[in-house]
Amino acid sequence: MNKSSKLSLRGLLLANPWGFIIPVLTGVAASVAGVALLGVSGWFISAAGLATAMGSALVFNYLTPGAIVRGLAILRTAGRYGEQVTAHNHLLGLLRILRLWVWDQRVAKQTASVHTQSRGDLLQRLVSDLDQIIRWPLVVFLPWLYALLGYLGVSLLVYCISPSLLWPLAVCAIWHLVLLPYLCGRMASHAVHVGQILGVHRRSRFVSLFSALVTLTIRGHWQDYAARLEQLDERQRRMEFAIQQAVSLGRLLGYLVTIVLLASVFWLLGDFSLQSGVWHLKQGVQGTWVVGLILALLAVNELVLPLVQSFVAQGQSQVGLRRLNQLQQPASARVSHAMASLTQLSLTEWRGFHIESGLGNQPIDFQMQSGDRLWLRGASGTGKSTLLASIAGDCMASGKAYVNQQACELYDNTGFQQHISYLPQSPYVFQQSIAANLRLGNPQASDEDMWAVLDAVALSDWVRGLENGLGTLLSSQGRDLSGGQRKRLVLARLLLRSAPLLLLDEPFDGLDKATIERICHALDNDYKPEMLILVSHIDSPLSAGARVIEL
Amino acid sequence: MAGSNEVSRAKKATRVKPPEAMFLGDLANQQAKRYRLAQGFGALFAVALVLQAWAFANVFSDMVLSQEFSIFFLMLALFALLLRALANYGRERVCASASRHIRYGLRHKLISHLTQLGPARLRIEEDAALSTRVYEQVDALDDYYSRYKPQVFMVTLIPCVILLSVIPVSWVAFWVFMITAPLVIVFMIFVGHKAAQANRRQFNVLAMLSNQFMDLSQGLAELKRLDRTGEARERLSYSAQVYQKTTMGVLLLAFLSTATLELFASLAIAMIALYLGLGLLEILPWQVGVAPVTLTQAMFLLLLAPEFYLPLRQLGNDYHAKQKAEAAATDLMSILNTPLSVQKAQVVTTEYTPSSVQLSYLSFYQLAWHETGRQRLAPITADIQQGERVWLSGVSGVGKSSLLHLLLGFEEGYQGQLFVKGKPFDQLDLSIWRSKLAWLPQTPEWVNGSIRRNLLLGITPPSDSAIQAALRDSQCEAFIKALPKGLDTPLTELGSGLSGGQMQRLSIARAMLSKAEVWLLDEPCSGLDTETADAVLETLEKVSQGKTLLMVSHDTHPIHWADKHWVLEHGGLHEQVV
């Protein structure tokens, strides 16, 4: 599956054709064996009964059919087992491919709009949509294939008994395999689509209600909100009812088709004689074979019944697929200008801004080169952080940027980002060990390097105090760390990178004076960056010799 | 009869059921009527099954032996097939409806329980995770209630009916069924038990996998800057591969249990077919020359044989539904088992009202809050006058927020007394009291919608000039003007580029518009940098004049303009000079 290609059910089926063929073959063997088991044993018993009645029991070869019956029984079991195991192995492989596909789309997404998607929405896509899609071969494709093969097998038998039966068989096959699933799918498709949309809608309303619960309660208003949630739930329930109704009805109709088929088989094979008042089988039709046929038809009926669900599942898979495809990004959205080094940066008429709100800083001009240190100051709301983020390439900007005196696009430019380290206001700590978090800055960092940098940001004592030291696993989003610890840990990660340009957004918030001084000392000596841009509202040794830009 | 009933009830009581099973069972009992109806349909189905087999057996044997068939038996067979279809249809609908009733009722209960818990719900989980429980986890019960639960009845009913109908036909077949059925069950339990354990571990691994994806996805901007997205992809790929491998290990075992079932069923069917065939040929080793069954009877047995094992095999397939439901039940129970605040049971015999209470707006007298042995709030005694502004500080966990939650009326299990304008708190009309409150928590509370909608949440819309005045006083005017859509800008879940300080200012504007008398603030500045926090506090000082205000704030953000400074400690309350 190509990184940037659109997802399609066909594409998924062909993603790993060999992995798919094995479960199909074993499943086919199991299904055919299942149908044949009933047919052959029916014929065997009938033939045995007939042989005794005709007095030819002693010459009847009973060993071969007996062995065939046992063989088919074992083949059916083994086939079913093999099918389930290999099919699930294939599905898990698909799951991996799909997950990575989602990841690639996320990576390809522009940095500034990465978070436009809520956590809940992403989780929903990741869990339930993927689930709907990977179920497709198991719920839709394979049962349909087995039913089709079941019908083909029976039609061979029918051809041997009386070719005239092929017509009713074909008509019923079309009903069972195509028309009924299609009709049920049609009946349910509206409900499936609406249900999926309602699901998302319901969740966002739930989060909305609960995120403002106290305010809504105080204002005597939450009942209204809760009532609307109930309404959505009620609609969802109606959709669920409609889907279930369609499936149950389809199954009932499937039975009816089988009954009609059985009746027509007897009608076409039988002759009514007025003299005796009984139905005879037509000339040349063997009673034993008819018994086998009827039993095989009953077995096919069992194969056909799950099919009515298949078009409903098909609808669900398609909705899931469409939702996942919404994540799809145009290929090569990122720019990358490889550059040897970063020694000079100048910005003219530069204004960073957020796409959604358009909020940002006043346009500014400045120039800096190796050895320079810049301190951005300004009242709250003047867009210091936005400006810094836009320099880091995280945020949209207008104006011109020159790197080493060459015009350069900063936004989402990997080549440029290799030369910078950016500490945002709320930095991210991964749910990995401390060492793994630090090594994101430099995969080659040794334990000594890590201890040294932890010492520089005044975290080494804390880490030494932990039971597992560097190997300590941090909890989700660094929730067990204080804000100051989180910031310092991420700063340590950045310092390991030793990029020429360091961008710091309020690095000293929530830190005491001694710690601030220690960090400043490190940034002035061992970990001194060539260029530094600092956003801070407090004085520090770091800002002492810096050029000030007032926003 | 009555005696035996009692005995069985006593037995039931002593048998220890896991709480999940009890929970699921209780929910199912709510729909006992529907399930009884489903059992009725099930019985009809079983009868139709036997009827169909008998009728077809007659048709078949006539056809084989004399090339003719009786139209009566044919009609009967087709009628039985129709009956079976109808019974199945009815059963499916009834069970699905029972499942829907249970699930939607449960969801309703969960949501209203969570709303009543108020801020206490966050002790269970954050909201996004709660929404997963309320929606996905409740729906995870569907298979259990619509398929597994009714199937348990069918598993006992159908084999019994078939056994009964086989007795008059053939003892040998009866014994083949009798002997193989328990073997099948024993094997299923044996293998299924191991699979169940592995399955449970598997659930955890899957959750971890999603978690890892969400973690990496949330830190994606950082990974992109560090140019480490490739490594993250490899990590995801690797853990997915490990997951595939371990899952296959589990599935091999799980499918082995179904395969065992299938094998037994298939072999039993084959055995019966062989016995019947040889019997009909009169060459059974122990009965040479005698046919133990007629052809009709043989056909009858052959048709019933697969049906005997079918319900068991289906139950085996649906077994994971039970495990899924039990895993979900654990999560759902943890919500429902979080107690709502208990109404104060104790009758206050000595209605002691200190003299100061009459004069104060809010009075606490020996107000404390113990919950399950844990002290959430030490006994405090203090008064707040009308229009007084109080700064409450103290180390975290000492009960500052708990005091605010008490005042919001979400917790009623407190000890001691709490008076509002001289009236005991538990005698107040809670909705009237709450309408006088304004609430400003650490992270402002927003609903999905425009800024205007959020400002006017639940109040009669004031005039435009009043809105403008409130925005001006809370210093929101400038940044709202800068927004392209102004007041109609939607506040999405993640904010629209507004800073923390701006968001907090909006909630000040909202508090002003509500004309609340009492403002309760829970660390409104904790997420802000010092400079922004100072500016927000300055605004608060101006707009809250004349309001009765209780504000929790750390010493790092001192409230210099407060009339009183209370310091809450584990021993109680101390007043300090501001």
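Residues numbered from 1 in each chain as written. Chains lettered and ligands numbered in written order. Predicted model: local features only at pLDDT ≥ 70, side-chain atom pairs only at ≥ 80, totals over all residues. Heavy atoms only, no water.

Recorded in UniProt under Subcellular location (unreviewed entry), the annotation for chain B is "Cell membrane". (UniProt positions renumbered as here; feature names shortened; annotations may be inferred.)

Per an unreviewed UniProt entry, chain A carries the name Xenobiotic-transporting ATPase and comes from Marinomonas posidonica. As its UniProt record puts it under Subcellular location (unreviewed entry), chain A is described as follows: "Cell membrane".

Asks: Even after reading the chapter, I still don't get the domain arrangement of chain B, so can you show me in this structure?
Replies: A common way to express how large an interface is: the accessible area buried when the components associate. All names here are of chain B. Structurally, chain B comprises domain 1 (14-336) and domain 2 (357-576). Placing the centre of domain 1 and that of domain 2 at their C-alpha centroids yields a distance of 54 Å. Residue-level contacts link seven residues of domain 1 with six residues of domain 2. Carbon and sulfur atoms supply 51% of the area buried between domain 1 and domain 2, which totals about 410 Å² over both sides. Broken down residue by residue, the surface that domain 1 buries against domain 2 is led by Gln116, Pro119 and Arg123, which jointly contribute 80%. At the boundary of domain 1 with domain 2, the tally comes to zero salt bridges. Remark: the boundary between domain 1 and domain 2 carries zero residue pairs in polar contact (both at pLDDT 80 or more). Broken down by class, the residue content of the side of domain 1 that touches domain 2 amounts to three nonpolar, three polar and one charged. (Domains from an automatic or database assignment. Contact = heavy atoms within 4.5 Å. Buried area = accessible area lost by both parts, 1.4 Å probe. Salt bridge = Lys/Arg side-chain N within 4 Å of Asp/Glu carboxyl O. Polar contact = N/O pair within 3.5 Å; in protein donor to acceptor, adjacent residues only side chain to side chain. Nonpolar A, V, L, I, M, F, W, Y, C, P; charged D, E, K, R; others polar.)

Asks: Mind showing me how you'd approach the pairing of strand S13 (residues 572-576) of chain B here?
Replies: The side chains of a regular strand alternate between both faces of the sheet. All names here are of chain B. Direction of pairing for strand S12 (residues 564-569) relative to S13: antiparallel, over a ladder of five bridges. Residue pairing for S13: tryptophan 566 is matched across the bridge by glutamate 575. Once S12 ends, the chain turns through two residues before running back antiparallel as S13. (Pairing = 2+ DSSP bridges. Helix = DSSP H or I, 4+ residues; strand = E, 2+ residues; numbered from the N terminus.)

Asks: Honestly, the UniProt feature "transmembrane region" (unreviewed entry) in chain A in this entry has me stumped. Any pointers?
Replies: All names here are of chain A. In the UniProt entry, the feature "transmembrane region" (unreviewed entry) is given for residues 12-37, 43-63, 138-159, 165-184, 246-269 and 289-313. With 100% helix and 0% strand, residues 138-159 has end C-alpha atoms that lie 31 Å from one another. In the segment residues 289-313, helix accounts for 92% and strand for 0%; the C-alpha atoms at its two ends are 37 Å apart.

Asks: Please explain the environment of A:Leu183 as it appears in this structure.
Replies: Tracing the sequence through the fold places A:Leu183 in helix H5 (residues 166-211). A relative accessible area of 43% places A:Leu183 in the partly exposed class. (Buried < 20%, exposed > 50% of the residue type's maximum accessible area, 1.4 Å probe, protein only.)

Asks: I'm lost on unusual backbone geometry in this one. Help?
Replies: Among all residues except glycine, the phi angle is most often negative; among peptide bonds, the trans geometry is most common. Residue and element names in this part refer to chain B. Unlike most non-glycine residues, aspartate 227 shows phi in positive territory, near 60°. Looking at the secondary structure, you find aspartate 227 in the loop between helix H8 (220-226) and helix H9 (229-280). Of note, the phi angle at glutamine 366 is positive, near 50°, even though the residue is not glycine. By secondary structure assignment, the location of glutamine 366 is in strand S2 (residues 362-371).

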